[in-house]
Amino acid sequence: SLQADQAKKLDELYPSLQEQAGLRVDIKGTADAVFDQAALRVRKLTDRLAIMNRRERGKTAGEEGLSPEDEQRLVAKLFADLQAKQADAAGKTPEPAESKPPTAEEMKQRVLAEIPISDADLEFLARQRGETVRDRLLNSGKLGNERVFLLDAGTAESGHEKVRTQLVLGAGS
């Protein structure tokens, strides 16, 4: 989704684009492999916890959100499953308990670290970002489809605070 300040910047493009009827906008959505992997892992975990909660409580559960207690309980369940899988893979029996059990946050971080994020996940996110910008420009009704183009998604340079969608103004079609 667009933040309010970003939507305002897009809105500021309209007067220039209306003055120059020959200009078009090329949009390239991007994803940062480092920055976005963490966010995608959190999203996948949140989705997984919501599904688990609905299965346990019924189809309508989870619509109001997951309580912190339910989240902690479900993360502990995923953590226990993860430990069992890792022990099976190593050919060992699960360790009874660590000398000092992990905190809820440590369990969550370990579960998050095991959630795979593929290149396809990152590409999908980049494409969604580009589409969000394109839709914002087109839904205003001030620009036609022939002036707004979505380019192939790409990767952004890591190390920035935010991931930017690239806009390029060009002449003609």
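About the cut-offs
- Residues numbered from 1 in each chain as written.
- Predicted model: local features only at pLDDT ≥ 70, side-chain atom pairs only at ≥ 80, totals over all residues.
- Heavy atoms only, no water.
- Phe/Tyr/Trp six-rings, centres within 6.5 Å; stacked < 30°, edge-to-face > 60°.
- Lys NZ or Arg CZ within 6 Å of the ring centre and 35° of its normal.
- Pairing = 2+ DSSP bridges.
- Helix = DSSP H or I, 4+ residues; strand = E, 2+ residues; numbered from the N terminus.
- Axes fitted to C-alpha atoms, helices over the stretch in contact; angles between N-to-C directions.
- Salt bridge = Lys/Arg side-chain N within 4 Å of Asp/Glu carboxyl O.
- Buried < 20%, exposed > 50% of the residue type's maximum accessible area, 1.4 Å probe, protein only.
- Contact = heavy atoms within 4.5 Å.
- Parallel < 35°, antiparallel > 145°, perpendicular 65-115°, else oblique.
- Nonpolar A, V, L, I, M, F, W, Y, C, P; charged D, E, K, R; others polar.

A. The packing of aromatic side chains, seen in detail. Overall, the coordinates contain zero aromatic pairs when judged by the stated rule. One cation-aromatic arrangement involves arginine 24 over phenylalanine 149; the distance from NZ or CZ to the ring centre is 5.1 Å.

B. A look at the sheet that holds strand 1 (residues 23–28). Reading across from one edge, 3-1-5 is the order of the three strands in this open sheet, with mixed pairing throughout. Two strands bound the open sheet, and with one partner strand each, they are strand 3 (148–150) and strand 5 (166–171). This sheet shows a mean twist of 25 degrees between the axes of neighbouring strands, independent of strand direction. Across three bridges, strand 1 lies against strand 3 in parallel orientation. By the bridge assignment for strand 3, isoleucine 27 is matched with leucine 150.

C. Looking closely at the pattern of salt bridges. Within this structure, the stated rule accounts for 11 salt bridges. In this structure, the salt-bridge partner of glutamate 123 is arginine 127, at a minimum N-O distance of 3.3 Å. Separated by four residues within a single helix, glutamate 123 and arginine 127 lie in helix 6 (residues 119–139), roughly one turn from each other. Note on glutamate 123: relative accessible area 44%, which makes it partly exposed.

D. Spotlight on the environment of glycine 170. Structurally, glycine 170 can be placed in strand 5. Take glycine 170: its relative accessible area is 17%, and that puts it in the buried class. If sequence neighbours within four positions are ignored, glycine 170 has contacts with Gly22, Leu23 and Arg24.

E. Layout of the packing of helix 3 (residues 33–57) against helix 4 (residues 68–90). Where helix 3 contacts helix 4, the axes come no closer than 10 Å and their chain directions differ by 100 degrees. Classed by the angle they form, the pair helix 3 and helix 4 counts as roughly perpendicular. Residues Leu45, Arg48, Leu49, Met52, Asn53, Glu56 and Arg57 of helix 3 form the contact with helix 4, whose participating residues are Asp70, Glu71, Arg73, Leu74, Val75, Lys77 and Leu78. Of the residues contributing to the contact of helix 3 with helix 4, the split by class is six nonpolar, one polar and seven charged.

F. Quick look at the pairing of strand 1. Bridging between strand 1 and strand 5 involves six bridges; their strand directions are antiparallel. Note that in strand 5 the partner of lysine 28 across the bridge is glutamine 166.

G. Region of the structure containing the packing of helix 3 against helix 6. It is at 10 Å that the axes of helix 3 and helix 6 come closest, and there the two elements cross at 95 degrees. Taken as axis vectors, helix 3 and helix 6 run roughly perpendicular relative to one another. Residues Ala33, Asp36, Gln37, Leu40 and Lys44 of helix 3 lie in contact with helix 6, whose contacting residues are Asp121, Leu122, Leu125 and Arg129. Residue composition of the contact of helix 3 with helix 6, grouped by class: four nonpolar, one polar and four charged.

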